[in-house]
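# Examining the three-dimensional arrangement
Listed here are the chains, written in short residue letters.
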Amino acid sequence: LIKLHHNVNSSASFRVRIALKLKSIPYVSIPHDLDTLTQGDASYLELNPQGMLPTIEHDLIVITQSLAILDYLDELFPLPPLLPSDALGRVRVRSLFEMVAADPHPLTTRRVGRQLKRLGHSQSEFLTWQRHWISEGFDTVELCLSQSRDTGKFCHGNSPTLADIAVVAQAASARRLGVDLARWPVLQKIFQFCLEEPAFAAAHREGGTS
Ligand SMILES: N[C@@H](CCC(=O)N[C@@H](CS)C(=O)NCC(=O)O)C(=O)O
């Protein structure tokens, strides 16, 4: 059985919950507080020395980093696949995933917020900062989605992929942080469509992410 260490407001955790639900993989939920992960939660640091969420435990192995976890789940439980069957499709989906997960997302995390606070910035300045990086990322995603014929009901065609996983998780955080998604109509439509899909809805509900 898979144990998932996660948090309700962590978008990297939400990515993994979506994949678990899409593939109907049962898991044990182990929620953590994002603020105490690196301060005092020594047993968690033994599991994940980076002190970040998510982490999964599967039998005796421990896996960190959401993309590595998603790839692992996709290899072990191939159906439904999280990537298209053609090389061009796969590279497009991976680019969209990284456009959200590799560049904007890390800048918006708690550890960045803590460092900005140490440098004298306020919580509201951090919020402005988070909204800025999320919005800049979404500007590019929207451009790519709106200019490609491969965009369908989902980011790539009419079945969910890694791209939707990253976009939906980030859009849920954006909404929670008061970012108006109407600025990115194609992205917003895909987000709303995904949230009506049972797997995305269940992953959203179980995380409690709003
Ligand atoms: N690249 C990592 C990012 C993980 C990450 O940033 N997780 C956030 C929550 S979404 C976290 O644990 N933040 C704690 C912190 O920044 O102190 C992944 O994809 O798993």
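Structural data are supplied above this passage.
Here the structure is a predicted model, which means the values were calculated and not measured.

Analysis parameters
Residues numbered from 1 in each chain as written. Predicted model: local features only at pLDDT ≥ 70, side-chain atom pairs only at ≥ 80, totals over all residues. Heavy atoms only, no water. Near = heavy atom within 4 Å. Polar contact = N/O pair within 3.5 Å; in protein donor to acceptor, adjacent residues only side chain to side chain. 1 Å grid on protein atoms, 1.4 Å probe; cavity = no way out; pocket = protein on both sides within 12 Å on 5 of 7 lines; lining within 4 Å. Sits in = over half its atoms within 2 Å of the grid points. Helix = DSSP H or I, 4+ residues; strand = E, 2+ residues; numbered from the N terminus. Pairing = 2+ DSSP bridges. Contact = heavy atoms within 4.5 Å. Salt bridge = Lys/Arg side-chain N within 4 Å of Asp/Glu carboxyl O. Buried < 20%, exposed > 50% of the residue type's maximum accessible area, 1.4 Å probe, protein only. Axes fitted to C-alpha atoms, helices over the stretch in contact; angles between N-to-C directions.

Turning our attention to the site of the ligand. By nearness alone, 15 residues border the ligand, and L53, Q65, S66, R111 and R114 come closest of all. In this structure, a nitrogen atom belonging to the ligand sits 2.7 Å away from a side-chain N or O atom of Q65. Between the ligand and R110, the relevant distance is 3.3 Å, taken from an oxygen atom to a main-chain nitrogen or oxygen of the residue. In this structure the site holding the ligand corresponds to the largest pocket. Contributions of two or more residues to the shell around the ligand are made by α1 (11–22) and α6 (110–118).

Glancing now at the pairing of strand β4 (residues 61–64). One ladder, built from four bridges, connects strand β3 (residues 55–58) with β4; its direction is antiparallel. Counted as the bridge partner of H58 is I61 from β4. In textbook terms, the turn of a hairpin is the stretch between consecutive antiparallel strands, and for β3 and β4 this stretch comprises two residues, one of which, D59, has a positive phi near 55°.

Right, let's get into the side chain of H5. By the secondary structure assignment, H5 is in strand β1 (residues 2–6). Of note is the side chain of H5, whose polar atom sits 2.7 Å from the side chain of H32. With sequence-adjacent residues up to four places away left out, H5 is seen in contact with I30, H32, Y44, L47, L53, P54, T55 and E57.

Turning to the pattern of salt bridges, a few remarks are in order. In the structure shown here, the tally under the stated rule is five salt bridges. E206 is the salt-bridge partner of K21, the closest N and O atoms lying 2.7 Å from each other. Of this pair, K21 sits in helix α1 while E206 sits in helix α10 (residues 198–207), placing them 185 residues apart in sequence. For K21, a relative accessible area of 24% gives the class partly exposed. A salt bridge links R110 to D35; the shortest N-O distance between them is 2.7 Å.

The strand order across the open sheet formed by four strands is β2-β1-β3-β4, and the pairing between neighbours is mixed. At either margin of the open sheet sits one strand with a lone partner, and together these are β2 (27–31) and β4. The mean angle between the axes of side-by-side strands here comes to 20°, regardless of whether they run parallel or antiparallel. Sheet topology note: the β1/β3 ladder contains four bridges and is antiparallel. Bridge pairing in β3 places K3 opposite E57.

Moving on, we get to unusual backbone geometry. A cis amide bond links L53 to the next residue, P54, at an omega of 5°. Mapping P54 onto the fold places it in the loop between α2 (42–47) and β3. Despite not being glycine, D59 shows a phi value in the positive range, around 55°. By the element assignment, D59 lies in the loop between β3 and β4. Although it is not a glycine, Q65 adopts a positive phi angle of roughly 75°. Mapped onto the elements, Q65 comes out in the loop between β4 and α3 (66–76).

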